[in-house]
Amino acid sequence: MSDKGPSAMYRPVTGTVLDVDTAFYDRLAEDTAGRELVDRFVVPIRSGRAWEVPAGHLCRVVTTPEGPQCGDFNVWNRHNPKERLWTSRTRQLQGAHVTRYDRLWSTLPYLRPLLTITNDTLDWYGVDSDGARVHDLLGARCDPYVNRILTGADFDFHCHSNLTRAVLPYGLTEFDVHDVLNIFTLTGLNADDEYFMKGSPATAGDFFEFFAEQDLLCAMSTCPAGDLSVPLWGPDARDPIEVCRPLAVEVYRPAPELVEGWSVPEVPAYAGLHGLLAPQWTATGLAQAP
Ligand SMILES: [Zn+2]
């Protein structure tokens, strides 16, 4: 046991998809001159937007000159919305907060990288004296149902609603919106194991960049809590409209030679049928095959 405590349950196995080729992603991150901007847009405050990122492309989420803002992010396989971000497995395989070289993993029965983070200008933040870190996979998106419970009022521009409106043009619905990556969001667990959020340490121009490992549909909400420096709920709550800012999104095609030899990760080759055709465990032991 190190001074960090017990070691991680899930550790990379050399030669598997968990063994990240950091030099490959470094080259992609560093070659900003050789990449071509193919899409750029701004997500206004308290709104949502969905967009596609083709496999092998880079995507950057950028704070604007107006200042910090938290972005609640969803991601799906563009061709199969049942394959989407699985936050709990990603927390186990990577960490409860993510940065450069971490991957976002998809749900079963797929379990492969949707994307790999190539650059993160907030990686210097590390962990603060409260145990808080940036780019959070612990917390769910804010939603109008929990808001109703906590305040008794209705509000239509929570992240869950913003994401729902964003994905409707792609044939998806509220049921496809899932647990998020909270980009630029500073969070942790307190001594009572309770989830807390603090004001984002981002400043204008900070960015979070990733490489699409598959054809992706992405969606992001500019959280109505803005940079999270003002509580949405509780005794000190007030409308944090003055800390709400837009976020920009950029999609790039990298120089072709940088992705030579790269291919979309495969689904793990589990060939069983979940024991459907195997002898079953019973109270008296292993029974004969059916
Ligand atoms: Zn939110």
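Residue positions within a chain follow its written sequence, with the count starting from 1. Side-chain atom pairs in this predicted model are given and counted only at pLDDT of 80 or more, local residue features only at pLDDT of at least 70, and totals for whole chains, interfaces and linings cover all residues.

Novice: How do you make sense of the overall build of the protein when you look at a structure like this?
Specialist: Scanning the protein from terminus to terminus reveals four helices and 15 strands. With 290 residues in all, the protein has 37% of them scored as buried. With C-beta atoms placed from the backbone, a contact is any residue pair whose C-beta atoms sit within 7 Å. Nonlocal contacts in the protein, meaning residues at least 24 apart in sequence, comprise 73% of its contacts between residues at least 6 apart. Numbering of helices and strands starts at the N terminus; helices are DSSP runs of H or I of at least 4 residues and strands are runs of E of at least 2. The burial criterion counts other C-beta atoms lying within 10 Å of a residue's C-beta, which is placed from the backbone; the residue is buried at 20 or more, exposed at 12 or fewer, and partly exposed between these limits.

Novice: I'm lost on the sheet that holds strand β3 (residues 58-63) in this one. Help?
Specialist: As a general point, the strands of a sheet are linked pairwise by backbone hydrogen bonds and lie either parallel or antiparallel. For two strands to pair, DSSP has to find at least two bridges joining them. Strand order in the open sheet formed by six strands is β1-β13-β3-β11-β7-β6, and the pairing between neighbours is antiparallel. Lying at the two open borders of the sheet, with one neighbouring strand each, are β1 (36-43) and β6 (103-105). Strand-to-strand twist in this sheet, taken as the mean axis angle between neighbours without regard to direction, amounts to 20 degrees. Lines fitted to C-alpha atoms define the axes here, with helix axes fitted over just the stretch in contact, and angles between the N-to-C directions of these axes take values from 0 to 180 degrees. Along the sheet, helix α1 (residues 22-30) contacts β3, β7 (113-120) and β11 (207-212); its crossing angle with β7, the most-contacted strand, is approximately 60 degrees.

Novice: Before we go on, may I ask you to explain the nonpolar core in this structure?
Specialist: For this analysis, nonpolar core means a set of buried Ala, Val, Leu, Ile, Met, Phe, Trp, Tyr and Cys residues linked through C-beta atoms within 7 Å. In terms of nonpolar packing, the biggest core is built from 56 residues, with C59, V75, L115, L181, L216 and C218 touching the most fellow members. Considering each element in turn, this core owes the most residues, five residues, to strand β12 (residues 216-222).

Novice: Looking at this model, I keep getting lost on unusual backbone geometry. Mind explaining?
Specialist: Peptide bonds are trans in most cases, and residues, glycine excluded, mostly fall at negative phi. Here L108 and P109 are connected by a cis peptide whose omega angle stands at 5 degrees. In this model, R46 sits at a positive phi of 55 degrees, which is unusual for a non-glycine residue. For R46, the position within the fold is in the loop between β1 and β2 (48-53). A positive phi is found at D193, a non-glycine position, where the angle reads about 65 degrees. Within the secondary structure layout, D193 lies in the loop between β9 (181-189) and β10 (195-198).

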